[in-house]
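A closer look at the structure
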Amino acid sequence: MNANSCVPWLSLLWLVPLVGAGLVILLPGGRPGPAKCAALLTSLATLAVAVVVTAGFDTTPVSAPYQFVETHAWIPAFGASYTLGVDGIAVILVLLTAGLVPLLLLAGWHDGDTAGGLRSRGPHAFAALMLTVEAMVLISLVSLDVLLFYVFFEAMLIPMYFMIGGFGNGAKRSQAALKFLLYNLFGGLIMLAAVIGVYVVSSDAGSGGTFDFRELVSMFSPATTTVDPGVLKLLFAGFMFAFAVKAPLWPLHRWLPDAAVESTPATAVLMMAVMDKVGTFGMLRYCLQLFPDASTYFRPAIIVLAVIGVVYGAMVAIGQTDMMRLIAYTSISHFGFIILGIFVMTSQGQSGSTLYMLNHGLSTAALFLIAGFLVARRGGARAIADYGGVQKVAPVLAGTFMVAGMATLSLPGLAPFISEFLVLVGTFNRYWVAAAVGSTALVLSSIYMLWLYQRVMTGPVTAGNEGIRDLVPRELLVVTPLIALLLFLGFYPKPALDIINPGVEHTLTTIGETDPAPLTAEGAH
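Each chain has its residues counted from 1, following the order in which its sequence is written. Per-residue local features are limited, in this predicted model, to residues with pLDDT of at least 70; the limit for side-chain atom pairs, both in listing and counting, is 80 or more; totals at the level of whole chains, interfaces and linings are taken over all residues. To get the side-chain values, take all heavy atoms of the structure and skip hydrogens and water.

1. Notes on the overall build of the protein
Only DSSP runs of H or I covering at least 4 residues are called helices, and only runs of E covering at least 2 are called strands; the numbering of each starts at the N terminus. Helices and strands together make up the secondary structure of the protein, namely 21 helices and two strands. Taking 24 Å as the expected radius of gyration for a compact globule of 525 residues, we find that the protein reaches 22 Å, a close match to that expectation. Principal-axis analysis of the C-alpha atoms places the extent of the protein at approximately 70 × 65 × 45 Å. Buried residues are those whose accessible area, probed at 1.4 Å on protein chains only, stays under 20% of the maximum for their type, while exposed residues exceed 50% and partly exposed ones sit between those limits. Classification of the 525 residues of the protein by burial places 59% in the buried group. Put simply, of all contacts in the protein between residues at least 6 apart along the chain, 82% involve residues at least 24 apart. Where accessible areas are quoted, they stem from the Shrake-Rupley method and a 1.4 Å probe; at the residue level, only the protein chains shown are allowed to cover. For the protein, the computed accessible surface area is about 18,600 Å², with 69% contributed by carbon and sulfur atoms. Both charge centroids of the protein, one from 24 positive and one from 27 negative side chains, sit 13 Å from each other. For the radius of gyration, the atom set is restricted to C-alpha positions; the globular benchmark scales as 2.2 Å times the number of residues to the power 0.38. Here, residues are in contact when the closest pair of their heavy atoms is within 4.5 Å. In this tally, Asp and Glu contribute negative charge and Lys and Arg positive charge; neither His nor the terminal groups of the chain are included. Here the site of a charge means atom NZ of a Lys, CZ of an Arg, CG of an Asp or CD of a Glu.

2. As for the environment of T480
Here T480 lies in helix α20 (residues 473–491). Looking at T480, the relative accessible area reads 47%, which means it is partly exposed. For the pair T480 and F291, spaced 189 residues apart in the sequence, the C-alpha separation amounts to 42 Å. As used in this structure description, the phrase polar contact means that two N or O atoms lie within 3.5 Å; if the pair is within protein, one of them must be able to donate a hydrogen and the other to accept it, and residues adjacent in sequence are counted only when both atoms belong to side chains. A polar contact of 2.7 Å, which involves the side chain of T480, links it to the backbone oxygen of L476.

3. Details of the nonpolar core
Only buried Ala, Val, Leu, Ile, Met, Phe, Trp, Tyr and Cys residues count toward a nonpolar core, and they belong to the same one when joined by side-chain atoms within 4.5 Å. Residues F180, F220, F239, M271, F291 and F343 are the most contacted members of the largest nonpolar core, which totals 196 residues. In contact with F220, other than residues within four places in its own chain, are V198, V201, T225, V227, L232, L290 and F291.

4. A word on empty space enclosed by the protein
The definitions used throughout rest on a 1 Å grid laid over the protein atoms alone, on which a cavity is an enclosed set of points accommodating a 1.4 Å probe that cannot get out and a pocket is an open set flanked by protein within 12 Å on both sides along at least five of seven lines; lining residues are those having an atom within 4 Å of a point. Grid points are joined across faces, edges and corners, and a volume is the space filled by probe spheres set on the points. Scanning the model with the defined rule gives two cavities of 30 Å³ or more in all. Taken as a whole, the largest cavity holds about 70 Å³ of empty space. The wall of the largest cavity is formed by K36, L105, G108, W109, D111, G112, P123, F126 and A127. Ranked by residues supplied to the lining of the largest cavity, first place goes to helix α4 (residues 122–142) with three residues. For the lining of the largest cavity, the class distribution of residues is five nonpolar, two polar and two charged. Here the second largest cavity is characterised by a volume of approximately 50 Å³. Lining the second largest cavity are A314, S333, H334, F337, T408, L409, E420, A441, L442, S445 and Y448. Elements with a contribution of two residues or more to the lining of the second largest cavity: α14 (323–343) and α19 (432–457). Per-element tally for the lining of the second largest cavity: the top contributor is α19, with four residues. Residue polarity is assigned by list, with Asp, Glu, Lys and Arg as charged and Ala, Val, Leu, Ile, Met, Phe, Trp, Tyr, Cys and Pro as nonpolar; anything else, Gly included, falls into the polar class. Looking at the lining of the second largest cavity residue by residue, the class counts come to six nonpolar, four polar and one charged.

Set out below in structure tokens:
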């Protein structure tokens, strides 16, 4: 397929779920079945568009860095345009987003059924909100206009706020939703100042002011820019702060565990596996490519924070007594790995980070959803001490939980191992101490995951667990594709890396970075 097809595939990509959300909410109340089915069909149609974009993406070295480009006037007076395009990094995240949402709608099939005062229209609202978040994430991933990106980067917080506060399972869901919103809105306000700053600086540079990402990259290039380096560092800090909150990077992570635990499992996965990836994606696209010198200047500090996050998330997970909170803290550790790989600025590190975004989405979705199915069977009990011997009464549930858990600790043969290995290899040749400290998470993750499995799944059946039933067909339909992808990508990551690598190469070329010479034993001293 020609990447410059006359069909506006990228517009369809985000408009299909957004229009679908509007249609779902307009369906008659009191009949949840048609609303849920309409949402599921909409998400499958979005997945079909994502597959078309992926199949048509040209991975040859001579191909254009951004494909399926669409450009239309939006706010000409401010230099803002409706410009869309994808590189290999965006394509992988588009496919992850579009692939997970149908599974999350199935997993949360009954999540909107008892939504307080929304009881008659709860299922409609829940499904519509999920499709709205999907639409906003997708347009953020394909936007090539900084202002357009910012608008939807912020707008996605609103439907997610209502999903946490309006449909969450926890008693403190309202506080968790407010904490989520305040943290992310504050980060967004800092970014807004940086976005305005970018426009002002571009105007002063003689272009008349623009938000076009490609023009700004050329304008801020270290080889040609006339902008004060101190100003570019401030602008970088504004973007980076917002992305670090969204990702989240330690110590800006405090909102995540509460939001994940108080949400329904489907909402938590949408947040951690889909929405939060916009933060790490933003680091790769906007922070590095717009501000290459500033990225290099702040690189040591960000790498230190990322390594702290890797170790901190794993250590805190070990001490958790709440199953869902334990899994939430593992994501903080994993996001530390992703950010580490981005800022070591090597081809292995950035390819590993992008692949890690995909693999983390799959493994976290599998583990959190299966744990959610188990918790729902015990009336919402999340304490690890309430369980034991589950594998005797629900062997399929226990078996799939074990595979997802082993993927979370990056066991060889499962998808996250490849991405974590690439990140560590890419880190070692430039910052071997960071790689060595980060490697301790391999041991720590084994402790928290094996201990969790042992306490929950093995041993005699704890009182109250005798009636736990195994996974039902709807739940198997959710879990099976995730487990299959974890196994497939664990043994054969080439299809994903073939798409990712051109985007990484373009990023490194844009910021003027090359891979360092291999570190010898003498050089490590």
